[in-house]
Amino acid sequence: YLIESIENIPGVNIWGPDANQARTSTVSLTIDGVHPSKAATAFNRKDICVRTGLHCAPGAHRLLGTFPEGSIRISPGFFTSEKDIDEAVKVLKQI
């Protein structure tokens, strides 16, 4: 649901398998022209926790071209509701 909700937002780049392929719930993304830490601040202001950086994988980020800034990682869990995801998508669209 998260990927389907953000995959068509202009400037948002999702890293990893397509939504229809096997993957974990963790979604790494970048936003054109926005440093991941600035985006994280916008999420945090709405009490939405995200992680930013290289995520212990600098080599992968070099390969993707996201080094040295890294990416934003959104990690929905078992208790994350569609409403929670909708709120995160709303923030992402505002960024």
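Below is a short write-up of the structure. (Residues numbered from 1 in each chain as written. Predicted model: local features only at pLDDT ≥ 70, side-chain atom pairs only at ≥ 80, totals over all residues. Heavy atoms only, no water.)

## Side note on the sheet that holds strand E3 (residues 51-53)
The pairing of strands in a sheet happens through backbone hydrogen bonds and is either parallel or antiparallel.
In step 1: The antiparallel open sheet is built from four strands, whose spatial order is E1-E2-E4-E3. Strands with a single pairing partner mark the edges of an open sheet, and in this sheet they are strand E1 (12-15) and E3. Adjacent strand axes in the sheet meet at a mean angle of 30° when their direction is disregarded.
In step 2: Pairing of E3 with strand E4 (residues 71-74) involves three bridges; the strand directions are antiparallel. Bridge assignment links Gly 53 to a residue of E4, and that residue is Ser 71.
In step 3: Helix H2 (residues 36-45) contacts strand E2 (27-31), E3 and E4 of the sheet and is inclined by roughly 35° relative to E4. (Pairing = 2+ DSSP bridges. Helix = DSSP H or I, 4+ residues; strand = E, 2+ residues; numbered from the N terminus. Axes fitted to C-alpha atoms, helices over the stretch in contact; angles between N-to-C directions. Contact = heavy atoms within 4.5 Å.)

## Structural notes on unusual backbone geometry
In step 1: Cis geometry marks the peptide bond from Phe 67 to Pro 68; its omega dihedral reads 5°.
In step 2: With respect to the helices and strands, Pro 68 occurs in the loop between helix H3 (58-64) and E4.
In step 3: At His 55, a residue that is not glycine, the phi angle is positive and equals roughly 50°.
In step 4: Note on placement: His 55 falls in the loop between E3 and H3.
In step 5: A residue is classified by how much of its surface remains accessible, and His 55, at 21% relative accessible area, is partly exposed. (Buried < 20%, exposed > 50% of the residue type's maximum accessible area, 1.4 Å probe, protein only.)

## Concerning H2
In step 1: Turning to H2, its buried residues number three or more, namely Pro 36, Ala 39, Ala 40 and Phe 43. Seen along its axis, H2 keeps its buried residues to an arc of 105°; they face one direction. Among the exposed residues of H2, those pointing more than 90 degrees away from its buried face are Lys 38 and Arg 45.
In step 2: Tucked into the core, H2 has its buried residues touching E2, E3, E4 and helix H4 (82-94). (Arc of directions from axis to C-beta.)

## A short note on the packing of aromatic side chains
In step 1: Per the counting criterion, the structure on display carries one aromatic pair.
In step 2: Aromatic pair Phe 78 and Phe 79: ring centres 5.0 Å apart, planes at 90°, arrangement edge-to-face. Each member of the pair Phe 78 and Phe 79 is classed as exposed.
In step 3: Of note, Arg 62 hangs over the ring of Phe 67, and the distance from its end group to the ring centre comes to 4.1 Å. (Phe/Tyr/Trp six-rings, centres within 6.5 Å; stacked < 30°, edge-to-face > 60°. Lys NZ or Arg CZ within 6 Å of the ring centre and 35° of its normal.)

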